[in-house]
Each structure stands twice: as structure tokens, then as C-alpha cells.
Amino acid sequence: MINRRTFSKTVGTGAAALAGLQASAKAASAHQAEGDSPTPAVSPTPTVPMVTPGTHTSFGKLKHVKAGVLDIGYAEAGPAHGPVVICLHGWPYDIHSFVDAAPLLAAQGYRVVVPYLRGHGTTRFLSAKTVRNAQQSAIALDIVALMDALEIQRALLAGFDWGSRTADIIAALWPERVKGLVSVSGYLITNVEAQKKPLPPKAEHTWWYQYYFSTERGRLAMEDKTYRHDLCRLVWDEVSPTWHFDNATFERTATAFDNPDYAAIVIHNYRWRLGLADGERRYDRYEKVLATRPVISVPTITIDPELDPFTAPGNGASYRDRFTGEYAHRALKGVGHDMPQEAPTAFAQAVVDVDHFDGRPGAGQHRSQGPARTSSPS
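Just so it is clear, the structure is predicted and the values come from calculations on it, not from any experiment.

Definitions and cut-offs
Residues numbered from 1 in each chain as written. Predicted model: local features only at pLDDT ≥ 70, side-chain atom pairs only at ≥ 80, totals over all residues. Heavy atoms only, no water. Helix = DSSP H or I, 4+ residues; strand = E, 2+ residues; numbered from the N terminus. Buried < 20%, exposed > 50% of the residue type's maximum accessible area, 1.4 Å probe, protein only. Axes fitted to C-alpha atoms, helices over the stretch in contact; angles between N-to-C directions. Parallel < 35°, antiparallel > 145°, perpendicular 65-115°, else oblique. Left-handed = near helix turned anticlockwise from the far one by under 90°. Contact = heavy atoms within 4.5 Å. Nonpolar A, V, L, I, M, F, W, Y, C, P; charged D, E, K, R; others polar. Phe/Tyr/Trp six-rings, centres within 6.5 Å; stacked < 30°, edge-to-face > 60°. Lys NZ or Arg CZ within 6 Å of the ring centre and 35° of its normal. Polar contact = N/O pair within 3.5 Å; in protein donor to acceptor, adjacent residues only side chain to side chain. pLDDT = per-residue confidence, 0-100. Pairing = 2+ DSSP bridges. Right-handed = clockwise from strand over helix to strand, strands pointing away. Arc of directions from axis to C-beta.

## Considering unusual backbone geometry
Reasoning step 1: Here the bond from Trp91 into Pro92 is cis, since omega is 0 degrees, no more than 30 degrees from zero.
Reasoning step 2: Within the fold, Pro92 resides in the loop between β3 (84-88) and α2 (101-107).
Reasoning step 3: Here the phi dihedral of Arg293 falls at roughly 55 degrees; this positive angle occurs in a residue that is not glycine.
Reasoning step 4: Considering the arrangement of structural elements, one finds Arg293 in the loop between α12 (284-290) and β8 (300-305).
Reasoning step 5: Arg293 gets classed as partly exposed once you look at its relative accessible area, which sits at 31%.
Reasoning step 6: A positive phi angle, close to 55 degrees, is found at Asn315, a residue other than glycine.
Reasoning step 7: Position of Asn315 among the secondary structure elements: in the loop between β8 and β9 (327-332).
Reasoning step 8: Judged by relative accessible area, Asn315 falls into the buried class, the value being 19%.

## Some remarks on the packing of helix α8 (residues 216-223) against helix α11 (residues 262-273)
Reasoning step 1: Interaxial distance between α8 and α11 falls to 8 Å at its minimum, and their mutual angle equals 150 degrees. Taken as axis vectors, α8 and α11 run roughly antiparallel relative to one another. Note that α8 runs across α11; the crossing there is right-handed. Listed contacts from α11 to Glu216, Gly218, Arg219, Met222 and Glu223 of α8 are Tyr262, Ala263, Val266, Ile267 and Arg271.
Reasoning step 2: The residue inventory of the contact of α8 with α11, partitioned by class, reads five nonpolar, one polar and four charged.

## Topic: the packing of aromatic side chains
Reasoning step 1: Counted under the stated rule, the structure contains 26 aromatic pairs.
Reasoning step 2: Relative to Phe323, the ring of Tyr319 lies with its centre 6.1 Å away and its plane at 80 degrees, an arrangement referred to as edge-to-face.
Reasoning step 3: Taking the relative accessible area as the measure of exposure, Phe323 reaches 3% and is therefore buried.
Reasoning step 4: Ring pairs connect the aromatic residues Tyr93, Phe98, Phe160, Trp236, Trp243, Phe245, Phe250, Phe257, Tyr262 and Phe347, which therefore count as one cluster.
Reasoning step 5: Here the basic side chain of Arg233 rests over the ring of Phe250, its NZ or CZ set 5.6 Å away from the ring centre.

## With respect to the side chain of Thr302
Reasoning step 1: Along the chain, Thr302 turns up in strand β8.
Reasoning step 2: Among the polar contacts listed, one links the side chain of Thr302 to the side chain of Tyr327, at a separation of 2.6 Å.
Reasoning step 3: Setting aside residues up to four positions removed in sequence, Thr302 forms contacts with Ser183, Gly186, Tyr319, Phe323, Tyr327, Ala328, His329 and Arg330.

## What about the confidence of the model for the protein chain?
Predicted coordinates in regions of low pLDDT should not be interpreted in detail.
Reasoning step 1: When pLDDT is averaged across the protein chain, the result is 87; 83% of the residues are at 70 or more.
Reasoning step 2: Confidence, read as mean pLDDT per element, is least for helix α1 (residues 7-33) in the protein chain (39) and greatest for β3 (99).
Reasoning step 3: Counted against residues more than four places away or in other chains, residues 1-41, with its pLDDT under 50, gives 57 contacts.
Reasoning step 4: Every residue in residues 360-377 is under pLDDT 50, and counting partners more than four places away or in other chains gives 68 contacts.

## Describing the side chain of Asp142
Reasoning step 1: The topology assignment puts Asp142 in helix α3 (residues 136-149).
Reasoning step 2: Using a relative accessible area of 7% as the deciding quantity, one classes Asp142 as buried.
Reasoning step 3: Setting aside residues no more than four positions away along its own chain, Asp142 makes contact with Val69, Leu70, Ile72 and Arg118.

## Remarks on the pairing of strand β4 (residues 111-115)
Reasoning step 1: Burial analysis of β4 places five of its five residues in the buried class, which makes it a mostly covered element.
Reasoning step 2: Along β4, one buried face is formed by Arg111, Val113 and Pro115 and the opposite face, lined by Val112 and Val114, is buried too.
Reasoning step 3: As defined by bridge partners, strand β2 (residues 70-77) adjoins β4 across four bridges and the pair is classed as antiparallel. Each bridged residue has a counterpart across the sheet, and for Ala77 the counterpart in β4 is Val112.
Reasoning step 4: With three bridges connecting them, β3 and β4 associate as parallel partners. Following the sheet pairing, Val85 is matched in β4 by Val112.
Reasoning step 5: Taken together, β3, α2 and β4 constitute a β-α-β crossover, and its handedness is right-handed.

## Examining helix α10 (residues 247-254)
Reasoning step 1: Among the residues making up α10, those that are buried are Thr249, Phe250, Thr253 and Ala254. Angular distribution of buried residues about the axis of α10 spans 135 degrees; they occupy a single face of the element.

Dropping the structure here:
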């Protein structure tokens, strides 16, 4: 069980977030009651019950499926024929970021699929000859291949960090495959040329590990099991400053770092983003489109965690124009970078809410629960 010195504060944060989500739903109902043109009846949005972060520590037996260039390991929860939610993790995290949120969604009748991204956990490349490439479009195509392999035509996508970027890309390039999107930190599609421009010094400081990975010294550190473990733990501590997780919580995720391709995938991802490593030509057509910052038209909820050092200023204003469909934005107080694990109820509620947008433009209400702090994408 997770030992939290600030247990009461954590529960209070979750309760405040949930109250905000309920207020958002009431606002939408009031909007219709005040004289909008008639719309088809919409079933009320279920309220996800509160769960203390750390209540669950594991998934059931993991599954595997061959998809594209990978044998993907994934967890699954909920009814086999329920509407599908695919939860996508970031770095340095793994499927356990959703260990509390997945059961909440399963209890609401969703089929929840939580895959290990390439280079993580039990996911493996099918061929030793495949380039260990971690550019953004390659990871997105992995998830499209997963959907094809599992015969999932359309799903709700929800993620953070690398997972948000992956979900954003799929929603932008293949909107017909996405029923709705929950994207922590908003619009994270990378434009490599734009990434070459410097940020304010404080934001650059937050990116220290990305610059470290650009050096041979950083690559060697990631290949060393002890240094890799300790570096990832340091990142957890820095980007989630009020999350008092115990050692067991981190160690459950740290097993995912022992994947034989982990170091190569992580190093390539960050070097590619900074324009220091090549991608593969087969992905050029996707990257050319992504470099234009394509809009996302599917129903979307974006979430900015207040204490995440990568949260951009402006309460979502910097990326608002990239979302052209039904939309809501939420800023969660007292929450750091690993938002699904720190505030699983609020994350699960966002998924349920975006699934219940009623089809009217502007039906998703803008809900702010706290100011964003600093600049820089994750």
C-alpha cells in the first residue's frame, strides 16, 4: 500500500477535481435548459466513484498480440464487447500509470486496453533487423496496428507524455479510428524544426535529461541498469513533486525498463525530437503532415496538471486552436506529471465525460481548476 504523508491532501485534491467535473456536466445541462434548440435526449454522464491512488497494484495476466513490427504486451480489463478505451503511457513510466484508472473504467462497462509502448515491458520487436526507431509517427502506427490486430475499429484514446503525443497523432491522421480523446498536456505533436528554437532558460533547465541523452555519456548511462534506474527515479521525483509514492510503486514500473531495446528507444526518441537523429524514410509522409500542426477534430478533453513542470502557461490557450471539435479543458490543482496515477478518478472521469459529449459544437465546457505554471512540452 502506498505510504503518503499527505494522504488527506491527496483525497482532497481528487474530490476537488471530481467536483469540478460534476460542475462541468451541470453547466452543460443548464446551457440547454436556457433555450438552446432542441437536441436528441442524452443519457446522463455517469459519475466515477472516488478511489485512493495506490488502491490497486497490478493488472491481471498480461496478453500479447503480433501487430506491425511488434509483439505487443498489454493489460486488459472490463467486458470483452464493451466500448474500447486505449490508455497510453509516457516516459519514464509504463502501464502501471493506469493501474487504478483501468478498473474504474472497466466498472463503467469499458473494455480497457493498456499496451506497453515499443521498447517497454513485455513488448518486443519481431525482428532483430528492425530499426530501433522511436520517432513519433512510428509509435503512433504501432497503436494503429494494435487496433487492427485486436479488430478494434474505433476507440477512445487517453494518455499522457509520449501517450498524449501518440493519441494526438492518431486523432489527427486517422480521426475515423478515434471516438474521443483525453490528452494530458494538450497538443504534443512534434515539429522537429520548431524544436530547434530555444525556450526560456527555466524551461530548458527542465529538459536536462533530453540534453543528457544527446551525449554519448547519457547513452551509456541509459544502457547501465543502475544508472538507468536511478535516473528514471530522479525524473519521477522532479516532475511529480507532491506525489509521495513508495519504493514498491516505482519498482513495479522499473521492471519495464529492463526491456532489451529500452535504452535504444529512449535515446532515439529524444535525439530525433531535437533533430539530432534521423528517422526512417518510410515515415516521411506522416511527418510532413505532422510538421504542419494538423488540427484535431474528434471530441477532446485536455488536462493540464498544475504541478507538472512541463505544463504550458495560459491554461490551454497555447494549443486551443488545434482542437476544432467538441472540447473541454481542465486544469488540476496539486497534480504532477503522472496525472493518471496521481489522480486516477479525475482521469477516468475525463474519459467517461468525453464519451458522453452530446454532439453539439461547444458542448464540452471549459473547466479550469487551477493556474498552469511554466512552459515546455513533455
